[in-house]
Amino acid sequence: MARSFSQQARQGALLLPQIRAIGDLDEGEPPFDLDALGLDLPPAVSSLRRRFELARLITRHYAGLEGRDVSAKLALELADSLAGFFDSLALEEVDAEDRLESLVSGAGQDQYTLEGWAEHWQVSARFLNVAVREWPKRLAELDLLDPSQRQVILIRRLVDQWTDHPPQVPLILAGSTGSAPSMADLMHAVAIAPLGAVVLPGLDLHLAEDVWRQIEDSHPQGTMKRTLDRHGVSRDQIHLWPASVEADRKGDARRRLLNEALRPAEATKDWLSQIATLKAEDGDPFRDGLDGLIEINTARDEEAASVIALLMREAIERPKDVVALITPDIALSRRVAARLSRWGLQPDNSAGEPLPNTLTGRFLLDIMGLMETPHDPVLLLSLFNHPYCRLAGRPGLFALETRALRGATPTGLDMISTAIASEPSAVDLWTDYLDVIRPALATPVTDLGQAIAGIVGLAESLALEDGAVLWQGAPGAQASEMLAELIRESAGFPVSGAREVRDILSHLIALSKVRTGGNTHPRLLILGAIEARLVKADRLILAGLEEGVWPQAPDLDPFLSRPMRERLGLPSPERRTGLSAHDFVQAAAAPEVYLVTRHRREGEPQVQSRWLWRLQTLCDGAEVKIPERPQVLDWARAIDCGLKAKPPTLKPATRPAPKPPVAVRPMQMPVTQVEVFVRDPYAIYARRILNLRPMDRPNEPVEARQRGTAIHKSLERFGKQDLLGEAGVKLLTTLLEDELLATNLSPAQMALQRPLLEGMAREFVTFETERRAGRPSLLIEQSGELRLDTSRGDFILTAKSDRIEVRDDAVDILDFKTGLPPSAKQVAAGFYPQLTLTAAILRHGGFSGIGDKLIGDLIYVRVAPDGTTQRSAIQKGETAFDLAEKALAGFRRRLDDYADPDKPYLSWTAPQFLKIRGGDYDQLARLYEWNVLGDDEAAEEEVEA
C-alpha cells in the first residue's frame, strides 16, 4: 500500500497516511490509540508457553482416567488442537461454558444427546467442559491473555471508540471479508463514520439473486454473504470502486467467469441456460474471461517444478515484470527454488528455509539422535564430518570409519572401541567423543527442560569455538531463540526418555523457519495463499491445484466432532475451504495466470482441484477450452532428457578393456572367484590388480550375508559331531543361535530368526541322517590346491570345500547354500565352476588324505527354514569326471588367453547374469554409459568352458 502511494506521487514529496494491519492495533497513535485500547490489558501468552501450559492441563486430566495415559509427545500434539479450539471460541466470541455443561449434564437435551455419541467423543466433551473453566483460571494466575482473545478485545474497544467518537478524517478498511464477528462490527463502525469506507475484496455483483441465496460456507462468496447479511446490506447497495472499472476490466471478466463456475451445486441445474445468457451479452464473456488464463497439466512433481521454473525464468526476461508462484505446497515450492538455481536465481520465498536444512539445525538433529543411539554410524559420520564439529578433520577419522562405522550396525560403544583398538589415532578421536557423550548419557532423562539444556550443552561441547559457531547468523539466532524459550517453558515437563525428547525437539525444529531476506531476486516471488493477497504480480502461477492440497482437506480435530461444533456455535470446517476458495478466485483474476496441476504427487495419483474441475466443466458446456501452452512442457522435458542426436564431439565411455602388464596379472585364484572371472573379468582386474575393495555402507543391511555365514559355521561345527536324532536337533538349534548372536544381529533381527531355527535344524538333521546312513568319512571345510603349469610359471588354483564325503567306492562334494543354487545346465555351461573345479583339484590329488578315488556326485544343498533340499550339479548323460576335466581345460585356456599382454579384462563378458547378480565394480566400469540394463540383444562374448 505504501509503495502504491509512493508510485502515485510520481517522485514528488508525499505525507503518507497511517496504514495499519488489524493485528497491530496495540501499537500506534490516534486513531489507533494505545492508551485508549490496550495499556490495561495483560500481554498475550506466547505460542510456545501456551502449548506447554495446555499440555500440562491435558496430562493432569487424563492421568486420572484408566486406560487414557497420555505421553508427553501426544500431550503436546493435543495441545495444538486445544489451542485451536480456544482460538475459535475467542474469534467467534462463543461462551462455551454453559453449552458444554448443558451437553455433559444432559440439561436441555436435544438430538445431540451426549450418550448417543461414540465413547471417545463423550470423553472429549467431558474434558473440554473442564478445560474451558481451568484455562481462564490458569491465564489469570499468569496474568496473561490468549492471543486471539486479546485481539478480539482490542477490536471491540476500537469499535466502541469509533462508535462513540467517530473519526473526522478519512477512514478506510480494505481487504477484510469480516469472517470474525468483531471484524464484521469494526467494518460497520467504519462504514457509518463521516468519512469512512469499507472496501470489500472480490464481491461478486453479477451472481443471480436466487443463486446468491443458496451460497454455503465452502463457496468463495460464503464469508462475504454472511457479512452482508449480518448488517442487512444487499449487494445493490454496494458501489464499485471507481478506479477499478477500467483498470480491472479483464480481472472483472475473469472473476465473473470463476464465480459462475463455482456456483453452489444446487444452482448448476440451469447452467446451460446461464451459458446461453452469457453468450448473448455484448462481447464474449468466455473469451474475455479466459484471455490470459492458461492451464498446464504435468505428470509429476519434478516436471511441475521444471515447468514453473521455466515460466518464472521466461517472465523476468521482460523488464520490470514481477512473477509470483502461489502454492500451499511447500515441498513443490522448494523444488521450484532448486530448479531456478540452475540459472543462478534465488527467489524470495515467504516460507523461508526450514531450520533442519541449515548447518545449525543439522548439527542439533545429529546430537539428539546420538543422545538416543550414541553408536549409530550414520549419525557419527554426519557429526564427525560437520564443519561446525571440533572433531572434524582429525587424523583418525578414516580408520574409525573403515574399521568400525561401515557394514553392519555396531551393537554398542564398546564394539566400536574394540574394532579400532589397533589404530592409535582413531582411539584418540573416539576417546575424545566418549569423554563428552558418556556423561550426557548417564544423566537421567525425566524433565524436558533439563534434557534440552543437556542437549544444548552437549552440542556446544562438540562444536568449534565452545559452541559459539552454532549460534551465528540467522539460523543460529533462530535456533538460539527457540531453544532458550523452550528450555524456559518446558521446565518441569515430564518425559519418558531420550526417544520422547528427540521426537518432541525434532518436531519443533522441523517447524522452525529461517527467514533472512538477503540476496534474493527482487522480481521472483514464492508465496502462500495468504501472503499472495498482499502482492501484485505481472504473472501469477497457481500450483498445487489438487484436492487435499489446494483446497486443503480439513484438519482432523481430536476434540470436536461436527455435531459438537454445531452445538457449540463454532463454524464448520467448510468455512476455511470457502476462505481458501476466495483466495483462489482473487489470485486467478490477475491479468496473466497459469494454473499448474500434477497427475501424481509424491508418487500418489491426484485428482484435480474442485475449482479447476468446475471451471473446465463450465467451459466444456460453452464448447470452449481453457488455453494451454504445450510447448512449455516440451521445454521442461527437453531440459532434463538426453540428447536425441549425438553431437560428433560427444564421446561417451566405451566398455572398459584394460590391458595391465602380464607381470602383475594374478597367479593365484580361489575357485569362488573363477565364477567372477568367467562373467566379469573387469571385476578381477579391479580387485586383484588394482587392489580395490568395495566399502560397505554405514548401517549396511547385511542380515542375509550374516545369516548365511552363521549357518555355514553352525553346519561346520555340527558336521564334526556324531549326534543325530532329537539330541542332534537340539545341538544344531543351539549352534545356530550361538553363531547368529556372534554376528551381532540386532535384537529385532534375532527375534525374527529365533522361531525358525528349530525347524531348520530338524530338516537338516533329517537330511544328515540320510547322508550318513552309508557311514562315509566326512572332511569338513577341507582346503586343497592345484598347481597348473602355464607359460608364466605355476598358477595356484585353490578351493575350500564345505564338505567332502569319502565313500568306499567314490567321493561326493557338497556345497551348502542359503539361497537358490544354480542349475545343472548353468554348471555345464561353465558359469558356475566352483564345484567342477573343486572336483578337478580333488581328481589331481589337490586334497590330502583322500587317495585315488572316483568322483561320485557334485551336490548343492540348500539349507532354509522351509526345508533342506539337494540338487545335483550333473546333468543326465554326464559324469563328474567329464565336468571336472572340461572345467579345468577351459580354465587353462582362459589362463593362456590372459597371458597375452593384448588380452583385455572386459567388463561383463556374460551380460545375461547382470540383471540377477550385478557387480561391485559396475560404477567404476561406467556400466550405464555403454550398456543398457534389460537389453537382451546385447552382444555376448562366447564363454569357453
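What this report covers is the structure whose coordinates are included nearby. On a predicted model such as this, the values are computed, not experimentally measured, just so you know. (Residues numbered from 1 in each chain as written. Predicted model: local features only at pLDDT ≥ 70, side-chain atom pairs only at ≥ 80, totals over all residues. Heavy atoms only, no water.)

Overview of the nonpolar core
By size, the foremost hydrophobic cluster in this structure holds 95 residues, and its most contacted members are F85, F363, L400 and Y433. Setting aside anything within four residues of it in sequence, one finds F85 in contact with L128, V132, L560, L568 and L570. Of all hydrophobic cores here, the second largest spans 53 residues; its members include Y682, I684, A828 and L842. (Core = buried A, V, L, I, M, F, W, Y, C linked by side-chain atoms within 4.5 Å. Buried < 20%, exposed > 50% of the residue type's maximum accessible area, 1.4 Å probe, protein only. Contact = heavy atoms within 4.5 Å.)

Details of helix α27 (residues 610-621)
The end-to-end C-alpha separation of α27 is 16 Å, in line with the 16 Å expected for 12 residues at 1.5 Å each. Those residues of α27 that fall on the buried side of the exposure criterion are W611, L612, R614, L615, Q616, L618 and C619. Directly beyond the C-terminal end of α27, a positive phi value near 60 degrees is found at E623. (Helix = DSSP H or I, 4+ residues; strand = E, 2+ residues; numbered from the N terminus. Expected span 1.5 Å × (residues − 1).)

Some words on the pattern of salt bridges
As enumerated under the stated definition, the model contains 63 salt bridges in all. Taking the shortest distance from any N to any O, the salt bridge between E92 and R575 comes out at 3.1 Å. Separated by 483 residues along the polypeptide, E92 in helix α4 (residues 72-92) and R575 in helix α26 (residues 574-588) bring together distant segments of the chain. Each member of the pair, E92 together with R575, is buried. A salt bridge links D722 to R772, with the nearest nitrogen and oxygen atoms 3.7 Å apart. With D722 in the loop between α31 (703-719) and α32 (725-742) and R772 in the loop between α33 (747-771) and β14 (777-790), this pair connects stretches of sequence that are 50 residues apart. Residue classification places R772 among the buried positions, given a relative accessible area of 14%. Residues joined by salt bridges that share partners form a network here, namely D722, E768, R771, R772, R803, E805, R807, D809 and D812. (Salt bridge = Lys/Arg side-chain N within 4 Å of Asp/Glu carboxyl O.)

A short note on the packing of aromatic side chains
Across all of its chains, the model carries 19 aromatic pairs by this definition. Arranged with centres 5.6 Å apart and planes meeting at 70 degrees, the rings of F795 and F891 form a pair that is edge-to-face. Note that F795 is positioned in strand β15 (residues 793-806) and F891 in helix α36 (residues 880-897), a separation of 96 residues in sequence. For F891, a relative accessible area of 3% gives the class buried. These aromatic residues form a ring-pair network of at least three members: F677, Y682, Y685, Y898 and Y905. Over the aromatic face of Y832 sits the side chain of R679, whose NZ or CZ is 4.4 Å from the ring centroid. (Phe/Tyr/Trp six-rings, centres within 6.5 Å; stacked < 30°, edge-to-face > 60°. Lys NZ or Arg CZ within 6 Å of the ring centre and 35° of its normal.)

Observations concerning the environment of A55
By the secondary structure assignment, A55 is in helix α3 (residues 47-63). We classify A55 as buried; its relative accessible area is 0%. Distance from A55 to P42, taken between C-alpha atoms, is 22 Å for residues 13 residues apart in sequence. Ignoring anything within four residues of it in the chain, the contact list for A55 reads A75, L76, A79 and F493.

Thoughts on the sheet that holds strand β9 (residues 539-543)
Pairing is parallel in the open sheet, where 6 strands are placed in the order β3-β10-β9-β4-β8-β5. Strand pairing shows two members of the sheet lacking a second neighbour, β3 (293-298) and β5 (348-349), which therefore form its edges. The pairing of β5 with strand β8 (residues 524-527) spans 2 bridges and is parallel. Its bridge partner lying in β8, N349 is registered against I526. Strands in contact with helix α15 (residues 301-315) are β3, β4 (323-326), β8, β9 and β10 (593-598); relative to β9, the strand with the most contacts, it is inclined by about 170 degrees. (Pairing = 2+ DSSP bridges. Axes fitted to C-alpha atoms, helices over the stretch in contact; angles between N-to-C directions.)

Focus on unusual backbone geometry
Of the consecutive residues W550 and P551, the connecting peptide bond is found in the cis state with omega at 10 degrees. Turning to its location among the elements, P551 is positioned in the loop between β9 and α25 (562-568). With a phi angle near 55 degrees, E93 is a residue other than glycine that sits in the positive phi range. Residue class for E93 comes out partly exposed when judged on its relative accessible area of 36%. Unusually for a residue other than glycine, D143 sits at a positive phi of about 55 degrees.

Quick notes on the environment of K817
Relative to the assigned elements, K817 resides in strand β16 (residues 810-817). For the pair K817 and M187, spaced 630 residues apart in the sequence, the C-alpha separation amounts to 81 Å. Leave out the neighbours within four places in its chain, and K817 touches Q834, Y860, V861, R862 and V863.

Just distances and angles here, no functional claims.
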